[in-house]
Amino acid sequence: MKNTVILGALTVAGLAAGAASAATLDDVKARGNLNCGVSTGLTGFSAPDANGVWQGFDVAVCRAVAAAVLGDPMAVEFVSTTGQTRFTALASGEIDMLARNTTWTFSRDNDLKFEFVGVNYYDGQGFMIPKELGVSSAKELDGATVCIQTGTTTELNLADFFRVNNINYEPVPIETNAEAQQQYLAGACDVYTTDASGLAATRASFETPGDHVILPEIISKEPLGPLVRHGDNEWGDIARWTLNALIAAEEYGVTSANIEELSSAPTDNPEINRLLGTEGELGAMIGLAADWAKKAIMANGNYGEIFEKTIGENTPIGLSRGLNAQWTEGGLMYSPPFR
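I will try to describe carefully the structure that is included in this document.

1. Focus on the overall build of the protein
Item 1. Within the protein, the regular secondary structure consists of 14 helices and 14 strands.
Item 2. For 339 residues, the compact-globule estimate of 2.2 N^0.38 gives 20 Å, and the C-alpha radius of gyration of the protein, at 20 Å, lies within 12% of that figure.
Item 3. Once the C-alpha set of the protein is aligned to its principal axes, its extents read approximately 65 × 45 × 40 Å.
Item 4. Taking contacts inside the protein between residues at least 6 apart in sequence as the whole, the part at least 24 apart equals 74%.
Item 5. With the model as given, the accessible surface of the protein reaches about 13900 Å², and the carbon-plus-sulfur share is 51%.
Item 6. With 21 positive and 42 negative side-chain charges, the protein shows a spacing of 3 Å between the two charge centroids.

2. Observations concerning the layout of surface pockets
Item 1. The calculated volume of the largest pocket comes to roughly 300 Å³.
Item 2. Lining of the largest pocket is provided by 18 residues; of these, Tyr121, Tyr122, Asp123, Leu323 and Asn324 occupy positions nearest its centre.
Item 3. Residue assignment for the lining of the largest pocket shows that the elements contributing at least two residues are strand S7 (121-123), helix H8 (196-204) and strand S13 (222-224).
Item 4. Sort the elements by how many residues they give to the lining of the largest pocket and S7 lands first, with three residues.
Item 5. For the lining of the largest pocket, the class distribution of residues is seven nonpolar, seven polar and four charged.

3. Focus on the packing of aromatic side chains
Item 1. For the structure on display, the rule yields 17 aromatic pairs.
Item 2. Between the aromatic rings of Trp104 and Phe116, the centroid separation amounts to 5.6 Å while the plane-to-plane angle is 10 degrees, which identifies the pairing as stacked. Within this pair, whereas Trp104 is found in the loop between strand S5 (97-98) and helix H5 (106-110), its partner Phe116 is found in strand S6 (residues 114-116), the two being separated by twelve residues in sequence.
Item 3. Grouping aromatic residues by their ring pairs yields a cluster made of Phe45, Phe57, Tyr121, Tyr303 and Phe307.

4. Comments concerning empty space enclosed by the protein
Item 1. Across all of its chains, the model carries two cavities of 30 Å³ or more by this definition.
Item 2. By volume, the second largest cavity is sized at about 40 Å³.
Item 3. Lining the second largest cavity we find Asp58, Val61, Ala99, Arg100, Asn101, Thr102, Asn120, Leu224, Gly225 and Pro226.
Item 4. Split by residue class, the lining of the second largest cavity holds four nonpolar, four polar and two charged.

5. Looking at the sheet that holds strand S10 (residues 169-174)
Item 1. Pairing is mixed in the open sheet, where five strands are placed in the order S10-S9-S11-S8-S12. Both outer strands of the open sheet, S10 and strand S12 (212-214), are each paired with one neighbouring strand and no more. Looking at each pair of strands side by side, their axes are set apart by 30 degrees on average, direction ignored.
Item 2. As paired strands, strand S8 (residues 125-130) and S12 are joined by three bridges and run antiparallel to one another. Each bridged residue has a counterpart across the sheet, and for Ile129 the counterpart in S12 is Val213.

6. Considerations on helix H13 (residues 292-300)
Item 1. Considered for burial, the residues of H13 that qualify are Trp292, Ala293, Lys294, Ala296, Ile297 and Asn300.
Item 2. Where H13 is buried, its residues meet helix H3 (57-70), helix H9 (233-252), helix H10 (259-263), helix H11 (270-276), helix H12 (282-285) and helix H14 (303-310).
Item 3. Just past H13, the residue Gly301 takes up positive phi, approximately 95 degrees.

Definitions and cut-offs
- Residues numbered from 1 in each chain as written.
- Predicted model: local features only at pLDDT ≥ 70, side-chain atom pairs only at ≥ 80, totals over all residues.
- Heavy atoms only, no water.
- Helix = DSSP H or I, 4+ residues; strand = E, 2+ residues; numbered from the N terminus.
- Rg over C-alpha atoms; globule rule 2.2 N^0.38 Å.
- Contact = heavy atoms within 4.5 Å.
- Areas by Shrake-Rupley, 256 points an atom, 1.4 Å probe, with all protein chains shown as cover.
- Lys, Arg positive; Asp, Glu negative; His and termini not counted.
- Charge placed at Lys NZ, Arg CZ, Asp CG, Glu CD.
- 1 Å grid on protein atoms, 1.4 Å probe; cavity = no way out; pocket = protein on both sides within 12 Å on 5 of 7 lines; lining within 4 Å.
- Points joined across faces, edges and corners; volume = space filled by probe spheres on them.
- Nonpolar A, V, L, I, M, F, W, Y, C, P; charged D, E, K, R; others polar.
- Phe/Tyr/Trp six-rings, centres within 6.5 Å; stacked < 30°, edge-to-face > 60°.
- Pairing = 2+ DSSP bridges.
- Axes fitted to C-alpha atoms, helices over the stretch in contact; angles between N-to-C directions.
- Buried < 20%, exposed > 50% of the residue type's maximum accessible area, 1.4 Å probe, protein only.

Structure, rendered in structure tokens:
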């Protein structure tokens, strides 16, 4: 779900250097749609619905950027990517941004020449097993077979965890979440490991979710977020501040229900006014209309609304806010000021 190891780093970096020389904003406007890289299908995060329309937590970021830039949240071409293909797709210019359960790391930011524009989900790697195994801790998994996606730092985290705890495992390599689900349910592996959010999303799609347990250990830090290519700062700013707009809107109480009223005239809160474009010139600073952030928020609601309707506690995924709560509520979600 996350993290490609640095195989082919020089190739990817070379592709990025060439692709970033073009102005992505101009390309998106000329094309009339945003090409956004997503997963091959992860319930709650990015997956097509029964009508083939992409939905989910990460999808909402793509639609918000499209709304901010093009005024239309549906003007998005979604490109499915695996753990192994996602970075090449971004570096080559096949996609304009990647919003796909991808962990922000030093090497991706520097060696692969990408720019993470923020964190939309603070996560960590976990383990899922069938309840019938009777295991209550990952430290009891000595000798287990483990389904693990190739081309990810999940592999490295897994090796470190088993080595530190002096236990052994047998990896079962898989490429996509769908393959992982199939292999795990078929009994080809005892354990599936990936981001804890991905485990919750996968378990929710099972016929009998209660037959499977996510173990308590979280063995890594996985700050997940959208990313763009190095070298096009204007486009990076647009993606970054669109995500910030969704986060700030929740903090300021701007919702899909009241945004029209709040933007009809300046309010008593100058931060809300600047966010919604009724005061100041923030839109012009990034080459967009004054109401760019309003359009982004209207696409799917603020950050909290998006979370609750795609992966929150009242959805089959059932994730609590935890670290992803606003900073005012004990979480880590925090937008820089709109001023």
